[in-house]
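Analysis of the macromolecular model
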Amino acid sequence: MLRGKKIVLGITGGIAAYKAAALCSGLVKQGADVHVIMTDSASKFITELTLQTLSRNPVHIDTFDERNPEVVTHIHLADLADLVLIAPATANTISKMTLGLADDMLSSMLLATTAPIMIAPAMNVHMYQHPAIMQNMNTLVSRGVLMIEPGEGMLACGYVGKGRLEEPETIIRVVHDFFAAQQQREEMRHLMAGRKVTVTAGGTIERIDPVRYITNDSSGKMGIAVARAAYAMGADVRLIAGSVQVPLPEGIDTVRVQSAQDMYEAVIGEWSHTDIMVQTAAVADYRPKTVHATKMKKNDENLVLELEKTTDILESLGQRKNNQFLIGFAAETNNVAEYAMGKVIRKNCDLLVANDVTIAGAGFGTDTNKVQIYDAQGLVEDLPLMSKDDVAFRLLSIAASRLNGVSAS
Ligand code: CTP
């Protein structure tokens, strides 16, 4: 997986820098082409010669030590990288990255690169837990930097706690998994390119009167993750969003709707030219039978709202399905497998994603989900707890593979 991959390995100045030798050596043994940049401080802990010998490439420290007149080194390294890996990443380097400082070779290259960046922090436990560092790490993660969390244990400074650089073998495994996932994404892009994907997200709003309505806890995160994943895979995406509690994704063609009926009409409008329909929305099953034109007044001690069934959008799509690939979702609190199988058959879905919303980290409002994917034959995949983005990618990979008649794994 690492053969021929160009990895720029940034080593910064902490005692864990000595482990960078094993890391460099392990990456090279797996076939990676490793280019090392050290900070000045790192060179106090480990020598340039060690890394040069292990990587079999020149090691860079000083921004102005330009050895090849044909290139500007920090730009050249920024451009050639398939991955930039900073291990160990000190508190200072993390903070410089957050601020966008560029006062040495490593920080300049980091600003210039468009390659994915992965960092493995290592520092004293109190430094690691300092609010400034915590905030800076969160900022980096929100910008897409991949974090390899430090391990817990005895630290070189004598403290016991979190801050120890993750072991080189573990870092190599994470790098390996990163490239494996990237390759899988590329393969899936191929299968998904040009496909029309319609996704519904969020809850619906069923009006009682001009100032009151019935809705549910859906945040829209899962549906938006599906829309984003489909978009990233090269599909032509239309998002139909009800009530959502997160920003809508930029660049994706989005229609806003309120009620189950609005959503039904919007979905039907897309249906004939949809290849993959993902019905993630939490659609109201019932709506008030009468919608009052003016604000209802409180008169009686009790008030009975009469509700009527909404159209089951998924079920009606299942009835009119030709070549479309239809995916439903189901939030359950018990008997997940039994209810999921009932729904996949009754609603004629190709796949049904079921989650037990009583599990921590699954369901409404969370960034993660724990789902099982079913088809009419039974369980297709039981996924571990993972980010909604990863669930979305896995789900669409299965759909795209089935549509193209190839295996999804
Ligand atoms: N769904 C829909 N239209 C509705 C209700 C639900 O399209 N009016 C879709 C949801 O978007 C979801 C799937 O049906 O993809 C399952 O929703 P769920 O509420 O779990 O299904 P129900 O059939 O309503 O089952 P339950 O009796 O558990 O409420």
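Structure: above.
Residues numbered from 1 in each chain as written. Predicted model: local features only at pLDDT ≥ 70, side-chain atom pairs only at ≥ 80, totals over all residues. Heavy atoms only, no water.

Quick look at the packing of helix H10 (residues 221-232) against helix H14 (residues 388-403) now. Packed helix pairs are characterised by how far apart their axes lie and by the angle those axes make with each other. Contact pair H10 / H14: the axes reach a minimum separation of 8 Å and the direction vectors enclose 55°. By the angle between their directions, the pair H10 and H14 is classed as oblique. The two elements H10 and H14 cross, and the hand of that crossing is right-handed. Contacts between H10 and H14 involve Lys221, Met222, Ala225, Val226, Arg228, Ala229 and Ala230 from the first element and Lys388, Asp389, Val391, Ala392, Phe393 and Leu396 from the second. Taken together, the residues that form the contact of H10 with H14 break down as 9 nonpolar, no polar and 4 charged. (Axes fitted to C-alpha atoms, helices over the stretch in contact; angles between N-to-C directions. Helix = DSSP H or I, 4+ residues; strand = E, 2+ residues; numbered from the N terminus. Parallel < 35°, antiparallel > 145°, perpendicular 65-115°, else oblique. Left-handed = near helix turned anticlockwise from the far one by under 90°. Contact = heavy atoms within 4.5 Å. Nonpolar A, V, L, I, M, F, W, Y, C, P; charged D, E, K, R; others polar.)

Our focus in this paragraph is the pairing of strand S7 (residues 160-164). Taken together, the 4 bridges between strand S6 (residues 151-154) and S7 define a ladder with antiparallel strand orientation. Counted as the bridge partner of methionine 154 is valine 160 from S7. Count of turn residues in the S6/S7 antiparallel hairpin: 5 residues, of which glycine 158 carries a positive phi of about 105°. (Pairing = 2+ DSSP bridges.)

With that out of the way, let us pick up the pattern of salt bridges. The full count for this structure, using the stated rule, is 24 salt bridges. Across the salt bridge formed by lysine 96 and aspartate 103, the nearest N and O atoms sit 2.7 Å from each other. For lysine 96, a relative accessible area of 12% corresponds to the buried category. It is possible to trace a salt-bridge network through shared partners that takes in Glu48, Asp65 and Arg67. (Salt bridge = Lys/Arg side-chain N within 4 Å of Asp/Glu carboxyl O. Buried < 20%, exposed > 50% of the residue type's maximum accessible area, 1.4 Å probe, protein only.)

A word on the environment of glycine 163. Mapped onto the secondary structure, glycine 163 falls in strand S7. Owing to a relative accessible area of 4%, glycine 163 belongs among the buried residues under this scheme. Contacts of glycine 163, omitting those with residues within four sequence positions, involve Pro121, Ala122, Met123, Pro150, Gly151 and Leu155.

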